[in-house]
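Below are the chains, spelled out letter by letter.
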Amino acid sequence: MRSRYKRTLGGCAIGVAILVAGCGSSNSSSTSSVKSSSTSAAKSSSSPLKVGLLLPCPTNDLSWCQQGYTAAVSLQKQGLITFHYLANAPQDTASASQAMEQYARAGDQLVIGHSSWQPAAFAAAKAFPNTDFAYGGGGQTTNNVATYNEPIYQAAYLAGMIAAGITKTGKIGGIAGPDVPLCSAELQAFYAGAKRVRPSIKTLTTYDGDYNGIPPAKQATLAQASEGADVFIACGGGPASGMVEAIKQQNLSGFAYVADMSSLAPKNVTGSIIYNLEPYFKAMVKAVKNGTFRPGKSYTFGLAQDGVSLKLNPSYSVTKIPAKVLSEEQKVQTEIQQGKFTVPGSTS
């Protein structure tokens, strides 16, 4: 963590020890005094909203944090926000809360903690009742704290259908960090989608307890491969990276998590489950601007709202996806989008 800030395309990277009010505009380079935010802060629809974004990992991780950062950059380019960001933010509650409070103290009107930082957000919100906060992953809300869900299980169901069509062994695997509802829903939907196409399919599941660890996930994937699994899915940035390393090493197949990771193993990544955060961030920004953010809400955007999707990799070449399976998957995707079919699962 560094006690200085640097100008970037999308905002300002800042250290916990210093915040720069108003940073984010292309022609601003001076440090201004830090003042407490208040309800008198400008929130007109014509003025960009000042946003603070905390990320628990790098902005170029090809996964969780890159998606959050990219969404904020897009909103800034549209003139909807200016933003500060802190990458590799400390993940313990006390430190995360302190970072959120410093954004609020600097005058940011909406502070987004892009992780499962419910306790940190609640603590910061209590200290700064005139600032709006949000955190990722779903959970409880309060007057000035919202959360946004991650219904990636909907896209995982479609990935499972594809997996059933390409597995040669009839056995597929799931690798995840902690055993939490989010990951459980993703893996179970993946298996359900596969059994829709191939009812006799066998499944293997490993929770290694670490969202960020790459080596444990790689070893877990290799262990499942030794038991016959040949198509995989992952939940968590570290598990996904470890899984991709393993399938590349063993020339197997897998589905990436949250962002397009196909560049890491172009021949082996069958597709990526995409978590598009732009509609989430845009909805919260709009709510703050028009005064409807409070009480805090739980935001959910699934396949029908372009919040999640399955992006197949055109370079995938371990095997060929059967045309019949691909056609059925596309049909089910349309049914989900039209509300005619509901994927079983919940992230709460």
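Placed above this text is the structure.
From a predicted model like this one, the values you see are computed outputs, not experimental measurements. (Residues numbered from 1 in each chain as written. Predicted model: local features only at pLDDT ≥ 70, side-chain atom pairs only at ≥ 80, totals over all residues. Heavy atoms only, no water.)

K.L.:
Pulling in residues and values, what's your account of the sheet that holds strand E9 (residues 202-207)?
P.N.:
Spatial strand order, E9-E8-E10-E11-E12-E14: six strands in an open sheet with mixed pairing. If you trace the sheet from one side to the other, it starts and ends with E9 and strand E14 (308-312), each paired once. Ignoring which end each strand starts from, the neighbouring axes of this sheet average 15° apart. (Pairing = 2+ DSSP bridges. Helix = DSSP H or I, 4+ residues; strand = E, 2+ residues; numbered from the N terminus. Axes fitted to C-alpha atoms, helices over the stretch in contact; angles between N-to-C directions.)

K.L.:
Before we move on, can you summarise helix H1 (residues 64-77) with the specific residues and values?
P.N.:
One turn of the α-helix equals 3.6 residues, which is why residues spaced by three or four share an orientation. With 14 residues, H1 ought to run about 20 Å at 1.5 Å a step, and its terminal C-alpha atoms sit 21 Å apart, in line with that. Counting buried residues in H1 gives 11 out of 14 residues, a clear majority hidden from the surface. The complete set of buried residues in H1 reads Trp64, Cys65, Gln67, Gly68, Tyr69, Ala71, Ala72, Val73, Ser74, Leu75 and Gln76. In the core, the buried residues of H1 are packed alongside strand E3 (49-54), strand E4 (81-86), strand E11 (253-258), strand E12 (269-275) and helix H8 (278-290). Following H1 by one or two positions, Gly79 adopts a phi angle in the positive range, close to 80°. (Expected span 1.5 Å × (residues − 1). Buried < 20%, exposed > 50% of the residue type's maximum accessible area, 1.4 Å probe, protein only. Contact = heavy atoms within 4.5 Å.)

K.L.:
If you had to explain the pattern of salt bridges to someone new, which residues and values would you point to?
P.N.:
Counting across every chain of the model gives five salt bridges. Two residues, Glu245 and Lys218, come together in a salt bridge whose shortest N-O distance is 3.8 Å. Of this pair, Glu245 sits in helix H7 (residues 237-250) while Lys218 sits in helix H6 (residues 215-226), placing them 27 residues apart in sequence. For Glu245, a relative accessible area of 39% gives the class partly exposed. Residue Lys311 pairs with Asp260 through a salt bridge whose shortest N-O separation is 3.0 Å. One end of the pair, Lys311, is in strand E14; the other, Asp260, is in the loop between E11 and E12, with 51 residues separating them in the sequence. (Salt bridge = Lys/Arg side-chain N within 4 Å of Asp/Glu carboxyl O.)

K.L.:
Explain the side chain of Asn149 to me, using residue names and the numbers behind them.
P.N.:
Positionally, Asn149 belongs in the loop between strand E7 (145-148) and helix H4 (153-166). In terms of polar contacts, Asn149 uses its side chain to reach the side chain of Ser298, at 2.9 Å. (Polar contact = N/O pair within 3.5 Å; in protein donor to acceptor, adjacent residues only side chain to side chain.)

K.L.:
Account for the packing of aromatic side chains, with residues named and values stated.
P.N.:
Taken as a whole, this structure holds 11 aromatic pairs when the rule is applied. Aromatic pair Tyr148 and Tyr280: ring centres 6.0 Å apart, planes at 50°, arrangement tilted. Residue Tyr148 is located in strand E7, and its partner Tyr280 is located in helix H8; the two are separated by 132 residues in the primary sequence. Tyr280 shares its class with Tyr148; the two are buried. Between Tyr280 and Phe301, the ring centres sit 4.9 Å apart and the planes meet at 85°, which makes this aromatic pair edge-to-face. Taken together, the residues span a long stretch of sequence, with Tyr280 in helix H8 and Phe301 in the loop between strand E13 (298-299) and E14 at a distance of 21 residues. Its relative accessible area of 0% is what places Tyr280 among the buried residues. Under the relative-accessibility criterion, Phe301 is labelled buried at 18%. Ring pairs connect the aromatic residues Trp64, Tyr148, Tyr275, Tyr280, Phe281 and Phe301, which therefore count as one cluster. (Phe/Tyr/Trp six-rings, centres within 6.5 Å; stacked < 30°, edge-to-face > 60°.)

K.L.:
Provide a residue-level description of the packing of H1 against H8, including the pertinent values.
P.N.:
Between H1 and H8, whose axes approach to 9 Å, the crossing angle comes to 50°. When the axes of H1 and H8 are compared, the pair comes out oblique. By crossing handedness, the relation of H1 to H8 is classed as right-handed. On the side of H1, the interface is formed by Gly68, Ala71, Ala72, Ser74 and Leu75, while H8 contributes Glu278, Phe281, Lys282 and Val285. Split by residue class, the contact of H1 with H8 holds five nonpolar, two polar and two charged. (Parallel < 35°, antiparallel > 145°, perpendicular 65-115°, else oblique. Left-handed = near helix turned anticlockwise from the far one by under 90°. Nonpolar A, V, L, I, M, F, W, Y, C, P; charged D, E, K, R; others polar.)

K.L.:
Go over the packing of H4 against helix H5 (residues 181-197), please, and point to the residues and values.
P.N.:
Between H4 and H5, the least distance of the axes is 6 Å, while the angle of their chain directions is 40°. It follows that H4 is oblique to H5 by the angle criterion. Considering how the two elements wind past one another, H4 and H5 form a crossing that is right-handed. Facing Tyr153, Ala156, Tyr157, Ala159, Gly160, Met161, Ala163 and Ala164 of H4, the residues of H5 in contact are Ala185, Glu186, Ala189, Phe190, Ala192, Gly193, Ala194, Arg196 and Val197.

K.L.:
Describe unusual backbone geometry, with residues and values.
P.N.:
Following Arg294, the chain continues into Pro295 via a peptide bond in cis, with omega recorded as -5°. By secondary structure assignment, the location of Pro295 is in the loop between H8 and E13.

K.L.:
Quick rundown of H7? Include the residues and the values.
P.N.:
With 14 residues, H7 extends 20 Å from end C-alpha to end C-alpha; this agrees with the ideal 20 Å at 1.5 Å per step. With 10 of 14 residues buried, H7 lies mostly within the body of the structure. Of all the residues in H7, the buried ones are Gly237, Gly238, Pro239, Ala240, Ser241, Gly242, Met243, Val244, Ala246 and Ile247. On its buried side, H7 packs onto strand E8 (171-176), H6, strand E10 (231-235), E11 and E12. Downstream of H7 by one or two residues, Asn251 has phi in the positive range, about 55°.

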